[in-house]
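# Breakdown of the fold
These are the residues of each chain, in order.
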Amino acid sequence: MAVLLPLEIEPMVEADLDGVAALEATAQPFPWNRSHFADSLVAGYGAWVLRQGGNLLGFLVVMTAVDEAHLLNVAVAPEHQGHGLGARLLRHAMNWSAGKGMLDMYLEVRPSNTRAEALYRHFGFHLIGRRKAYYPAREGREDALVFRRSLEGVLS
C-alpha cells in the first residue's frame, strides 16, 4: 500500500526562486523569469509554493491593493495538472485575500487557456472585460480575459 504524503502550502522564500522559475518555464508559454518572482517577494506580495514530500508541485503570487486582490501568477507542474492542485492553490489565494480584508479578486487569463478559465468559472469568477493584445503569443499578441469574483463569504 502506497503512503500518500500530505500537500503543504508554504510561503515562498528566496531559496524557492530557482525551482519556481524552472517550474514556470515548463508550465507557461511565456514564463516569468526568476527576477519577476524575486521582485514579488521584495514587494511583499503574497507568494506561496505547493509541495508534497519536499517536491515542488506549484506556486501562486497575489498582489493586494486597497481592498482588491490580483492573482498575478499561478502554475502547477504539467505532470501534476488535472488533480485539483490548481484549485487548492486558488482556494488558498482566495482565503488569504479575504482574511486580509480584500473585497474582490481579479485575474487575467489567456482565452487559449481553457482549463484555467474553466477552473476560475467553477470558483465563481465572472468575465468582466477583455484586454486587447495583452499577452505575447507565438504569432503576434493574445487578448486577456479579465475575471472578477467577490470574496464576500469566502471565509465561513
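A brief structural summary.

What counts and how
- The residue numbers shown here count from 1 along each chain, following its written sequence.
- Given that this is a predicted model, residues contribute local features only at a pLDDT of at least 70 and side-chain atom pairs are listed and counted only at 80 or more, while totals for whole chains, interfaces and linings are drawn from all residues.
- Side-chain numbers come from the whole structure's heavy atoms, not from hydrogens or water.
- Numbering of helices and strands runs from the N terminus; a helix is a DSSP stretch of H or I covering at least four residues, while a strand is a stretch of E covering at least two.
- Only C-alpha atoms enter the radius of gyration; for comparison, a globular chain is expected to reach 2.2 Å times N to the power 0.38, where N is the number of residues.
- Remark: exposure states derive from per-residue accessible area (1.4 Å probe, protein chains only) relative to the maximum for the residue type, with buried under 20%, exposed over 50%, and partly exposed in between.
- Two residues qualify as a contact provided that any one of their heavy atoms is within 4.5 Å of a heavy atom in the partner residue.
- Here the accessible surface of atoms and residues is derived via Shrake-Rupley with a 1.4 Å probe, and residues count as covered only by protein chains that are part of the display.
- Within this scheme the basic residues Lys and Arg register as positive and the acidic residues Asp and Glu register as negative, but His and the chain ends are omitted.
- By convention, the charge on Lys lies at NZ, on Arg at CZ, on Asp at CG and on Glu at CD.
- Salt bridges, as used here, are contacts in which a Lys or Arg side-chain nitrogen is within 4 Å of a carboxyl oxygen on Asp or Glu.
- Side-chain rings of Phe, Tyr and Trp, where Trp is taken by its six-membered ring, are said to pair if the distance between their centres is within 6.5 Å; with planes under 30 degrees apart they count as stacked, over 60 as edge-to-face, and otherwise as tilted.

### Topic: the overall build of the protein chain
- The helix and strand inventory of the protein chain stands at 4 helices and 7 strands.
- Helices (α) and strands (β) of the protein chain occur, in sequence order from the N terminus, as β-α-α-β-β-β-α-β-α-β-β.
- For a compact globule of 156 residues, the expected C-alpha radius of gyration is about 15 Å, and the protein chain comes in at 15 Å, within 12% of that figure.
- Principal-axis analysis of the C-alpha atoms places the extent of the protein chain at approximately 45 × 45 × 35 Å.
- Evaluated residue by residue, the protein chain yields a buried proportion of 38% over its 156 residues.
- Summarising the internal contacts of the protein chain: among those between residues at least 6 apart in sequence, 61% fall at separations of at least 24.
- On the protein chain, roughly 8700 Å² of surface is accessible, and the fraction owed to carbon and sulfur atoms is 52%.
- Put simply, the protein chain has 15 plus and 17 minus side-chain charges, and the middle of one group is 5 Å from the middle of the other.

### Notes on the pattern of salt bridges
- Enumeration according to the criterion identifies 9 salt bridges in this entry.
- A salt bridge links Glu10 to Arg51, with the nearest nitrogen and oxygen atoms 3.2 Å apart. Here the residue Glu10 occupies a position in strand E1 (residues 7-11), and Arg51 occupies one in strand E2 (residues 46-52), the gap between them amounting to 41 residues.
- The exposure class of Glu10 is partly exposed, given its relative accessible area of 29%.
- Look at Arg51 and you get buried, because its relative accessible area is 16%.

### Brief notes about the packing of aromatic side chains
- All told, the structure shown has 5 aromatic pairs when counted by the stated rule.
- Both rings, one in Trp32 and one in Phe37, keep their centres 5.0 Å apart while their planes meet at 50 degrees; by these two values the pair is tilted.
- Judged by relative accessible area, which is 22%, Trp32 ranks as partly exposed.
- With 4.8 Å between their ring centres and 70 degrees between their planes, Trp48 and Trp96 make a pair best called edge-to-face. Of this pair, Trp48 sits in strand E2 while Trp96 sits in helix H3 (residues 85-99), placing them 48 residues apart in sequence.
- Classification of Trp96 as partly exposed rests on a relative accessible area of 25%.
- Counting every residue linked through ring pairs, the aromatic cluster contains Trp32, Phe37 and Phe59.

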